[in-house]
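The residues making up each chain are set out below.
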Amino acid sequence: MRSDLYAKGIAGRARGAASYARVGLESDVMSASPHRLIVLLFQGADTAIGTALVHLQDGNVAEKGQAVSKALDIVNNGLLAALDRERGGELAERMGALYEYIARLLLNANLQNDEKGFVEARRLLGELASAWNEIEPGQQHEA
C-alpha cells in the first residue's frame, strides 16, 4: 500500500512538472521573436530525436515512433515551413533541400531501426542550430 502511494506521488509530481514545463514553453513561445521561435524548433527537434534514440535502444517501438513523428513535424511543419523561398532565394532553396534530406533520414532511421541515421539527422540539425544562433539579430559579432 505504501509503495502504491509512493508511486502515485512520483507520477503526480512528474505530471505536474510536465504541465509546468508546457506552460513555461507556451509562455516562451508566445513572447518569442521570430529568431527565438526557430531556436525553439531546433531545440524541440533535438529533444525529439534524442528521445527516439533512447526508445530505439530500449526497444520501445511505439514510443520511438511518437518521438520520430514529433521530430518530423518540427522539421516539416516548423523549420521547412518557416523558410521564405521568395526572399531567401537560393539559400532558402538549399535549406529546404537539407530539411527534406533530414526528414528522409529520420523516416529511414525509424523504419530500419538505424541509430546512425538518427545521429546524423541530429548532427545536421545541431550544425544548423549553431549557425542560426550565430546570426541572432541585435547581437554584435566580431570578425
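**Student:** Describe the side chain of His55, listing the residues and the values that go with them.
**Tutor:** Positionally, His55 belongs in helix α2 (residues 34-58). Relative accessible area serves as the criterion here: at 18%, His55 is assigned to the buried category. Those residues in contact with His55 that lie beyond four places of it in its chain are Asn60, Glu63 and Lys64.

**Student:** Break down the packing of helix α3 (residues 61-82) against helix α4 (residues 85-112) for me, citing the residues and quoting the values.
**Tutor:** Two elements in contact, α3 and α4, have axes separated by 9 Å at closest approach and are oriented at 170°. With respect to each other, α3 and α4 are oriented roughly antiparallel. Along its contact with α3, which presents Lys64, Gly65, Val68, Ala71, Leu72, Val75, Asn76, Leu79 and Leu80, the element α4 presents Arg85, Gly96, Tyr99, Glu100, Ile102, Ala103, Leu106, Leu107 and Asn110. Tallied by class, residues from the contact of α3 with α4 come to 11 nonpolar, four polar and three charged.

**Student:** Any chance you could break down the nonpolar core for me, citing the residues and the numbers?
**Tutor:** Within the largest apolar cluster, 28 residues are counted, with the highest numbers of intra-cluster contacts made by Phe42, Tyr99, Ile102, Leu106, Phe118 and Leu125. Secondary structure elements with two or more residues in this core: α2, α3, α4 and α5 (115-134). In this structure Ile102 touches Val75, Ala121, Leu124, Leu125 and Leu128, once residues within four positions along its chain are discounted.

**Student:** Talk me through the packing of α4 against α5; I want residue IDs and the actual numbers.
**Tutor:** Between α4 and α5, the least distance of the axes is 8 Å, while the angle of their chain directions is 155°. In terms of their interaxial angle, α4 and α5 are classed as roughly antiparallel. Crossing of α4 over α5 shows left-handed handedness. For the pair formed by α4 and α5, the contact residues are Met95, Leu98, Tyr99, Tyr101, Ile102, Leu105, Leu106, Ala109 and Asn110 on the first element and Gly117, Phe118, Glu120, Ala121, Leu124, Leu125 and Leu128 on the second. Of the residues assigned to the contact of α4 with α5, the class counts are 13 nonpolar, two polar and one charged.

**Student:** So what about the pattern of salt bridges? Which residues, and what values?
**Tutor:** Across all of its chains, the model carries six salt bridges by this definition. For Asp84, the salt bridge identified is with Arg87, shortest N-O distance 3.6 Å. Exposure remark for Asp84: the relative accessible area of 35% places this residue in the partly exposed category. Classification of Arg87 as exposed rests on a relative accessible area of 76%. One salt bridge in this structure joins Arg94 and Glu90, with 2.5 Å as the shortest N-O distance. Separated by four residues within a single helix, Arg94 and Glu90 lie in helix α4, roughly one turn from each other. Here Arg94 matches Glu90 in class, with each residue exposed. Taken together, the shared-partner salt bridges connect Glu120, Arg123 and Glu127 into one network.

**Student:** Describe α4, with residues and values.
**Tutor:** Given a rise of 1.5 Å per residue, 28 residues ought to cover 40 Å, yet the end C-alpha atoms of α4 are separated by just 32 Å, more than 12% below that figure. Taking the largest bend as the criterion, α4 deviates by roughly 75°, centred on Leu91. Turning to α4, its buried residues number three or more, namely Ala92, Gly96, Tyr99, Ile102, Ala103, Leu105, Leu106 and Ala109. Buried residues along α4 sit in contact with α2, α3 and α5. Between the side-chain oxygen at the start of α4 and the backbone nitrogen of Glu86 there is a gap of 3.3 Å, and the oxygen is on Asp84. Just downstream of α4, Asn113 is the residue with a positive phi angle, here 50°.

Cut-offs and rules
- Residues numbered from 1 in each chain as written.
- Predicted model: local features only at pLDDT ≥ 70, side-chain atom pairs only at ≥ 80, totals over all residues.
- Heavy atoms only, no water.
- Helix = DSSP H or I, 4+ residues; strand = E, 2+ residues; numbered from the N terminus.
- Buried < 20%, exposed > 50% of the residue type's maximum accessible area, 1.4 Å probe, protein only.
- Contact = heavy atoms within 4.5 Å.
- Axes fitted to C-alpha atoms, helices over the stretch in contact; angles between N-to-C directions.
- Parallel < 35°, antiparallel > 145°, perpendicular 65-115°, else oblique.
- Nonpolar A, V, L, I, M, F, W, Y, C, P; charged D, E, K, R; others polar.
- Core = buried A, V, L, I, M, F, W, Y, C linked by side-chain atoms within 4.5 Å.
- Left-handed = near helix turned anticlockwise from the far one by under 90°.
- Salt bridge = Lys/Arg side-chain N within 4 Å of Asp/Glu carboxyl O.
- Expected span 1.5 Å × (residues − 1).
- Bend = angle between axes of the 7 residues up to and from the residue.
- Polar contact = N/O pair within 3.5 Å; in protein donor to acceptor, adjacent residues only side chain to side chain.

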